[in-house]
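Summary of the model geometry
As a plain string of letters, each chain reads:
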Amino acid sequence: SAGLSLLVLALAEALAFVVMFLVCRRLKRRFRVTFGQCAAVVYKNQRTAFPLRTENSGRLPVGRFRVRLRITYGDGSKRKVRLLYAEPDSGEEPAFYLELPWCGPVTLSLDRVELFDYLSLFRAEIRLSEELSISVLPAEQAAQVVLPSAPADPDGAEEDVKPARGGTSGEILRLREYAAG
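Residues numbered from 1 in each chain as written. Predicted model: local features only at pLDDT ≥ 70, side-chain atom pairs only at ≥ 80, totals over all residues. Heavy atoms only, no water.

1. A look at the sheet that holds strand E3 (residues 48–56)
The following threshold applies: Note: two strands are recorded as paired if DSSP finds a minimum of 2 bridges between them. Secondary structure counts use DSSP, requiring at least four H or I residues in a row for a helix and at least two E residues in a row for a strand, with both numbered from the N terminus. Only the contacting stretch of a helix is used when fitting its axis, a line to C-alpha atoms as for every element, and angles between N-to-C directions run 0 to 180 degrees. Whether two residues are in contact is decided by their heavy atoms, any of which lying within 4.5 Å being enough.
Pairing is antiparallel across the open sheet formed by 3 strands, whose spatial order is E1-E3-E6. Looking at strand neighbours, the two that pair on one side only are strand E1 (31–35) and strand E6 (95–98), the edges of this open sheet. Across the sheet, the axes of successive neighbouring strands diverge by a mean angle of 20°, strand direction being ignored. Alignment of E3 against E6, held across 4 bridges, turns out to be antiparallel. Bridging across to E6, Pro 51 finds its partner in Ala 95. This element, helix H1 (residues 2–30), spans E1 and E3 of the sheet and lies at about 45° to E1.

As structure tokens, this is what we get:
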């Protein structure tokens, strides 16, 4: 009696092991990850969300997965790799949150997704070639401007001018050549 129950338990465990292996392989064929709606321009050192869109065309729900993101700057010298663990049925959209410390063109690329079975016994790897090109600009800052041609204010007050988009606020721009040294 005890030997028979141990035999049934061992067979059930072996069957579960094989089923989880097959489920992981089946999920691999039907699951895709792409970039969601993202901004094309971000500001330096500002936390920005880059949402991911997941698509599962299979009947079985996907358990846990891990996405690898590569960050490459325009000159190719600065590279970072970020990993995101997510569950698609958690109710929130998976997203990378990044603070980019340097200005210039940046390429974000999703190059690998690893799917895990429901018990995390096996994993299946999917190669991706999703890329997103963005521009990182310096953060907007308020500038203190004193115009020497304006009549002196009796109180000595100075006006704070914030950069305006469109150039219709009447500010005066002065261009100078930059010389090193």
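From this point, the narrative continues.
2. Notes on the pattern of salt bridges
Pairing is possible between side chains that carry opposite charge, provided their charged atoms lie close to one another. Formally: When a carboxyl oxygen of Asp or Glu lies within 4 Å of a side-chain nitrogen of Lys or Arg, that pair is called a salt bridge. Residue burial is assigned from relative accessible area. The probe radius is 1.4 Å, only protein chains are included, and a residue is buried under 20% of its type maximum, exposed over 50%, and partly exposed in between.
For the structure shown, the criterion picks out 8 salt bridges. Linking Arg 70 and Asp 111 is a salt bridge whose minimum nitrogen-to-oxygen distance equals 2.8 Å. On the criterion of sequence distance, the pair formed by Arg 70 in strand E4 (residues 65–73) and Asp 111 in strand E7 (residues 104–116) is long-range, its members being 41 residues apart. Given a relative accessible area of 15%, Asp 111 falls into the buried group. In this structure, Glu 114 and Arg 123 form a salt bridge, with 3.0 Å as the shortest nitrogen-oxygen distance. With a relative accessible area of 5%, Glu 114 lands in the buried category. What you see here is one network of salt bridges that share partners, running through Arg 66, Arg 112, Glu 114, Arg 123, Glu 125 and Arg 127.

3. With respect to the packing of aromatic side chains
Centre-to-centre distance and the angle between the planes together describe a pair of aromatic rings. For clarity, the cut-off: Each Phe, Tyr or Trp ring (for Trp, its six-membered ring) is paired with any other whose centre lies within 6.5 Å, and the angle between the two planes then decides the class: stacked below 30 degrees, edge-to-face above 60, tilted in between. Look at NZ for Lys and CZ for Arg. If either is within 6 Å of the ring centre and within 35 degrees of the ring normal, a charge sits over the ring.
Taken as a whole, this structure holds 4 aromatic pairs when the rule is applied. Arranged with centres 5.6 Å apart and planes meeting at 85°, the rings of Tyr 73 and Trp 102 form a pair that is edge-to-face. Here Trp 102 lies in the loop between E6 and E7 and Tyr 73 lies in strand E4, a separation of 29 residues in the sequence. Relative accessible area serves as the criterion here: at 8%, Tyr 73 is assigned to the buried category. One aromatic cluster is present, built from ring pairs that chain together Phe 17, Phe 21 and Phe 122. Positioned over the ring face of Phe 116 is Arg 64, at 4.2 Å from the centre of the ring.

4. Details of the environment of Glu 55
With respect to the element layout, Glu 55 can be found in strand E3. For Glu 55 and Thr 34, which are 21 residues apart along the polypeptide, the C-alpha to C-alpha distance reads 8.4 Å. Residues in contact with Glu 55, not counting those within four places in the same chain, are Arg 30, Phe 31 and Arg 32.

5. Here we look at the pairing of E4
Of all 9 residues in E4, 7 are buried, a share of seventy percent or more. Inspection of the sheet shows E4 paired to strand E5 (residues 79–86) by 8 bridges, in the antiparallel sense. Among the inter-strand pairings, Leu 69 is bridged to a residue of E5, identified as Arg 82.

6. Focus: the sheet that holds strand E8 (residues 123–137)
Paired through their backbone hydrogen bonds, the strands of a sheet run either parallel or antiparallel. The strand order E2-E8-E7-E4-E5 describes an open sheet built from 5 strands, whose pairing is mixed. Looking at the sheet topology across the chains shown, the edges are occupied by strand E2 (41–43) and E5. Going from strand to strand, the sheet's axes swing by 35° on average, the running direction of each strand aside. Across 12 bridges, E7 lies against E8 in antiparallel orientation. Note on E8: the bridge partner recorded for Pro 105 is Ser 135. Contacts from H1 reach E7 and E8 within the one sheet, and its direction differs from that of E8 by about 35°.

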